[in-house]
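Residue strings, one per chain:
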Amino acid sequence: MLVVMQAHATEEHVRAVCEKIEALGYRAHSIPGAQRTAIGITGNQGEVQPGTLDEMPGVQEVIRVSKPYKLVSRDLKAENTIIKFAGTHATLGGENFAIIAGPCAIESREQAMAVAERVAKAGAQFFRGGAYKPRTSPYTFQGLGEQGLQIMAEVRERFGVKIITEAIDNESLELVEQYADVIQIGARNMQNFSLLKRAGRARKPVLLKRGMSATLEEFLMAAEYIMSEGNYNVVLCERGVRTFADHTRNTLDLSLIPAVQRLSHLPIIVDPSHGTGKRNKVTPMSRAAAAVGADGLIIEVHNQPDKALSDGMQSLYPEQFDELMAQVRQIAAVVGRTIVEIGEPVASGKV
Ligand code: PEP
Ligand code: MN
């Protein structure tokens, strides 16, 4: 159920409706919009009796949401969600075309600084890098753990970029939440419901990657899990799905972008690195992602891809990333987007 408030409803009206919903044993999610506030009701197995809310002051109407996802839906919020980062011009969603770049994994301080310097200079607003890596084999590099997070925090200090890194379980999420600006939930965890709920209680935005065999509805339901716990800052990421194709690691499903945008107000970005698995396909698919109307890109870049401890084959050389940025800036402009400068570094120093 969804309560649509009148355009002139006061904060007291909104609060009274939320209190009423909670008193009935449900959870109220008040989402302000450009025109009016809408209040999503979750936790109801059956139907809430609209009569109890219909007559309250400031209420315009009570609507039944027929789709299984409610908070991610445009029924609740017609306008696009824009996630902002205090003190910077960076956003996820909105007019800015967000650029997240960095290595698959943080391998050493030197490697992280070398890559960060290049991607920040090229215009990336966010630095990515795994400290906890969900690897197919238990015998391959698993990430530096907290040390990796500390290195990322240093990258933020030095280059002024925001930090995004993956949490693979509840334990790592505790630490990731402390260090990072955005918490990444990986494809393999898209339906790890306890992790999604924990991310929903975090105070940081969440980047949710699509599971490698997830349908659109399953993907949106995973985002709903996060939002249902009260974290409304979720950004979706298409990273390719498994198909019979063997010319790429995954099949990057760019048609998902307009499909999501019809149904949901959440921003959606594209990962052409995991989406193709091949360095030579990353830039062409990045151009396509900008053209299709995605809200940004997440790109793997390494200073020495041939020596990378994970995903070297799909990691760009820094100069290839420079070229990608030059091309994507032009395509983004055609669809009314710009890649904003994040702002002056908070602290500058010699690397
Ligand atoms: C990653 O971003 O390095 C990663 C492991 O991504 P995914 O979860 O999409 O495989
Ligand atoms: Mn990777």
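For the structure itself, consult the block above.
Residues numbered from 1 in each chain as written. Chains lettered and ligands numbered in written order. Predicted model: local features only at pLDDT ≥ 70, side-chain atom pairs only at ≥ 80, totals over all residues. Heavy atoms only, no water.

K.L.:
Could you clarify how one ought to interpret the coordination of the manganese ion (ligand 2) in this entry?
P.N.:
Under perfect tetrahedral coordination by four donors, a metal shows angles of 109.5 degrees; under perfect octahedral coordination by six donors, it shows angles of 90 or 180 degrees. Every protein donor of the manganese ion (ligand 2) is accounted for by Cys-104 (SG), His-274 (NE2), Glu-300 (OE) and Asp-311 (OD), and the metal-donor separations fall at 2.0 to 2.4 Å. Along the chain, the residues donating to the manganese ion (ligand 2) are arranged with the sequence spacing C-x169-H-x25-E-x10-D. Residue Cys-104 is located in the loop between strand E7 (98–102) and helix H3 (109–122), and its partner Asp-311 is located in the loop between strand E14 (296–300) and helix H11 (318–334); the two are separated by 207 residues in the primary sequence. (Donors = N, O, S within 2.8 Å, 3.2 Å for Na, K, Ca; no water. Helix = DSSP H or I, 4+ residues; strand = E, 2+ residues; numbered from the N terminus.)

K.L.:
Can you walk me through the site of ligand 1 in this structure?
P.N.:
Neighbouring residues of ligand 1: Cys-104, Arg-128, Lys-133, Glu-166, Gln-184, Gly-186, Ala-187, Arg-188, Lys-209, Arg-239, His-274 and Glu-300. One of the side-chain N or O atoms of Arg-128 is found 2.8 Å from an oxygen atom in ligand 1. Bound to the protein, ligand 1 loses 97% of the 300 Å² it would expose on its own. Among the residues forming the shell around ligand 1, the class breakdown is 2 nonpolar, 3 polar and 7 charged. (Near = heavy atom within 4 Å. Polar contact = N/O pair within 3.5 Å; in protein donor to acceptor, adjacent residues only side chain to side chain. Areas by Shrake-Rupley, 256 points an atom, 1.4 Å probe, with all protein chains shown as cover. Nonpolar A, V, L, I, M, F, W, Y, C, P; charged D, E, K, R; others polar.)

K.L.:
What exactly am I supposed to notice about the pairing of E7 here?
P.N.:
Along any regular strand the residues' side chains alternate between the sheet's two faces. Of all 5 residues in E7, 5 are buried, a share of seventy percent or more. Of the two faces of E7, both are covered, the one formed by Ala-98, Ile-100 and Gly-102 as well as the one formed by Ile-99 and Ala-101. Sheet topology places E7 next to E14; 5 bridges connect them, and they run parallel. Residue Gly-102 lies in a different strand from E14, and its bridge partner there is Glu-300. (Buried < 20%, exposed > 50% of the residue type's maximum accessible area, 1.4 Å probe, protein only. Pairing = 2+ DSSP bridges.)

K.L.:
Can you walk me through the packing of helix H5 (residues 170–179) against helix H6 (residues 193–200) in this structure?
P.N.:
Each packed pair of helices is defined by two parameters, the angle between the axes and the distance between the axes. Here H5 crosses H6 at 25 degrees, and the two axes come no closer than 10 Å. In terms of their interaxial angle, H5 and H6 are classed as roughly parallel. The handedness of the crossing between H5 and H6 is right-handed. Every residue of H6 that contacts H5 at Asn-170, Leu-173, Glu-174 and Glu-177 is listed here: Ser-194, Leu-195, Arg-198 and Ala-199. For the contact of H5 with H6, the per-class residue count stands at 3 nonpolar, 2 polar and 3 charged. (Axes fitted to C-alpha atoms, helices over the stretch in contact; angles between N-to-C directions. Parallel < 35°, antiparallel > 145°, perpendicular 65-115°, else oblique. Left-handed = near helix turned anticlockwise from the far one by under 90°. Contact = heavy atoms within 4.5 Å.)

K.L.:
Honestly, the environment of Ser-194 in this entry has me stumped. Any pointers?
P.N.:
With respect to the helices, strands and loops of the structure, Ser-194 is situated in helix H6. Separated by 73 residues in sequence, Ser-194 and Lys-121 place their C-alpha atoms 38 Å apart.

K.L.:
Is there a simple way to think about the state of the cysteines in this case?
P.N.:
By definition, a disulfide is the covalent link that joins the sulfur atoms of two cysteine residues. Inspection of the entire model under this criterion finds 0 disulfides. We note that Cys-237 lacks a disulfide partner, and the nearest cysteine sulfur, in Cys-104, lies 13 Å from it. A relative accessible area of 0% places Cys-237 in the buried class. (Disulfide = S-S within 2.5 Å.)

K.L.:
I tried to follow the sheet that holds strand E2 (residues 27–32) on my own but got confused; where do I start?
P.N.:
Backbone hydrogen bonds hold the strands of a sheet together, and the pairing may be parallel or antiparallel. Here 4 strands make up an open sheet; going across it, the order is E2-E3-E1-E4 and the pairing antiparallel. Pairing within the sheet leaves two strands with one partner each, and these edge strands are E2 and strand E4 (59–63). The sheet shows a mean angle of 20 degrees between the axes of neighbouring strands, taken without regard to direction. As paired strands, strand E1 (residues 2–5) and E4 are joined by 4 bridges and run antiparallel to one another. When the sheet's bridge partners are listed, Val-4 is paired in E4 with Glu-61. Along the sheet, helix H1 (residues 11–23) makes contact with E1, E2, strand E3 (37–42) and E4, crossing E2 at roughly 155 degrees.

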